[in-house]
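Report on the structure
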Amino acid sequence: MRRLLTTVLFVLTAAGLLVANFQTTDAARADVNDFVVESFDAVYELAKDEEGRSTLKTTEVITIIFPEFDQNRGVIRDVPHVFDDHSTDLNVKSVTDEHGKPRNYKTEEYGEFLSIIIAVPEGSFVHGKQTYVLEYTQRDVTKFYKDTGVEEFYWDVNGTDWAQPFGRISAKITLSDEVFATFNGDAVCYRGVFGSDEQCEVAGE
């Protein structure tokens, strides 16, 4: 049996980046940040490995509406690869469209972020609705507080630095039985913008 946490587990807030890039040389065009994020849906699968260390598999489905003229070649998704001052061994498994067709991408690391650069070849452009499906894994993503005996999963969904409007943002977290047992039925869930104290439902299946 797997447990399902609806919308957000423990504390899941907004932080991270998704930006348009690959500007054309035509200065008369609109700014490359002029597009709309129609939806950003994330699924998190939290478990433990043989060593008892937390593991996380993330799937993001991001749908963007680009302008119909030649302006954007793709997007850059900046994902934090450091949590609580340590590496999470971030590993990008795949980047595809909504049909599972691979999209060209490369990665560049800077500071505490890994940039996943998704772009069509130079001289080509993306237009209209485009869906990007990213799958990546991490480990050591929870924190245990000895003074209170609380283990916390505090994660960021989308970002506080977006220049674009959003149509929908959602996050769903599933826990392995082993992880769920760690919380002894005392799991507490919060959701919302950064700093929110709004609680959300913890449900079992």
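Not measured: the values here are computed from a predicted model. (Residues numbered from 1 in each chain as written. Predicted model: local features only at pLDDT ≥ 70, side-chain atom pairs only at ≥ 80, totals over all residues. Heavy atoms only, no water.)

1. Quick notes on the nonpolar core
Short version of the rule: Among buried residues, the Ala, Val, Leu, Ile, Met, Phe, Trp, Tyr and Cys ones that are joined through side-chain atoms within 4.5 Å form a nonpolar core. Exposure classes here rest on a 1.4 Å probe applied to the protein chains alone. A residue is buried below 20% of its type maximum, exposed above 50%, and partly exposed in between. In this description a helix means any DSSP run of H or I spanning at least four residues, a strand means any run of E spanning at least two, and both kinds are numbered starting from the N terminus.
Formed by 31 residues in total, the largest nonpolar core has its most connected members in Tyr44, Tyr132 and Leu134. Broken down by element, this core gets its largest block of residues, five residues, from strand S4 (residues 36–48).

2. Topic: the pattern of salt bridges
Quick note on the threshold: Any carboxyl oxygen of Asp or Glu that lies within 4 Å of a side-chain nitrogen of Lys or Arg is treated as forming a salt bridge with it.
Applying the stated criterion to the full structure yields nine salt bridges. For arginine 139, the salt bridge identified is with glutamate 51, shortest N-O distance 3.6 Å. Of this pair, arginine 139 sits in strand S12 (residues 128–139) while glutamate 51 is found in the loop between S4 and strand S5 (54–66), placing the two residues 88 residues apart along the sequence. Taking the relative accessible area as the measure of exposure, glutamate 51 reaches 60% and is therefore exposed. We note a salt bridge from arginine 77 to glutamate 60, for which the minimum N-O separation is 2.8 Å. With arginine 77 in strand S6 (residues 74–80) and glutamate 60 in strand S5, this residue pair connects regions lying 17 residues apart in the sequence. Residue glutamate 60 is classed as buried on the basis of its relative accessible area, which comes to 1%. Each of Asp49, Glu51, Arg53, Arg139 and Asp140 takes part in salt bridges that share partners, so that together they form one network.

3. Details of the pairing of strand S10 (residues 105–110)
We count it as follows: We call two strands paired when DSSP finds no fewer than two bridges between them.
Of the strand pairs in this sheet, S10 and strand S11 (residues 113–119) are connected by six bridges, and their pairing is antiparallel. Looking at the pairing, glutamate 109 lines up with leucine 114 of S11.

4. Quick word on unusual backbone geometry
A positive phi angle, close to 55°, is found at aspartate 84, a residue other than glycine. Note that aspartate 84 resides in the loop between strand S7 (82–83) and strand S8 (86–87). Residue aspartate 89 is not a glycine yet carries a positive backbone phi of 55°. Checked against the element boundaries, aspartate 89 lands in the loop between S8 and strand S9 (91–96). Overall, the relative accessible area of 44% leaves aspartate 89 in the partly exposed class.

5. Notes on the side chain of threonine 131
Filter applied, for reference: Here a polar contact means two N or O atoms within 3.5 Å. Within protein one must be a hydrogen donor candidate and the other an acceptor candidate, and residues neighboring in sequence count only if both atoms are side-chain atoms. Between two residues, a contact is recorded if the distance between any of their heavy atoms is within 4.5 Å.
Among the structural elements, threonine 131 can be located in strand S12. Exposure remark for threonine 131: the relative accessible area of 7% places this residue in the buried category. Polar side-chain contacts of threonine 131 include one of 3.1 Å to the side chain of threonine 63. Ignoring sequence-local partners within four residues, the contact set of threonine 131 consists of Val61, Ile62, Thr63, Thr96, Asp97, Glu98 and Arg103.

6. A closer look at the confidence of the model for the protein
Quick note on the threshold: For every residue, the predictor assigns a confidence score, pLDDT, that lies between 0 and 100.
Overall, the prediction assigns the protein a mean pLDDT of 80, with 78% of residues at 70 or greater. The lowest-confidence element of the protein is strand S1 (residues 3–5), averaging 34 in pLDDT; the highest-confidence one is S9, averaging 98. Predicted confidence for residues 1–29 stays below pLDDT 50, and this span has 139 contacts to residues more than four positions away or in other chains.

7. Structural notes on the packing of aromatic side chains
In plain terms, the rule: Two aromatic rings, drawn from Phe, Tyr or Trp (for Trp, its six-membered ring), form a pair once their centres lie within 6.5 Å of each other, and the interplanar angle then sorts them: stacked below 30 degrees, edge-to-face above 60, tilted otherwise.
Per the stated rule, a full pass over the model turns up four aromatic pairs. Ring geometry for phenylalanine 35 versus phenylalanine 66: centroids 5.4 Å apart, planes at 45°, classification tilted. Here phenylalanine 35, found in the loop between strand S3 (17–20) and S4, pairs with phenylalanine 66, found in strand S5; they are 31 residues apart in sequence, far enough to count as distant. Each member of the pair phenylalanine 35 and phenylalanine 66 is classed as buried. Note on phenylalanine 83 and tryptophan 155: the rings are 5.5 Å apart at their centroids and 55° apart in plane angle, and the pair reads as tilted. Of the two residues, phenylalanine 83 sits in strand S7 while tryptophan 155 sits in strand S15 (residues 154–156), which places them 72 residues apart along the sequence.

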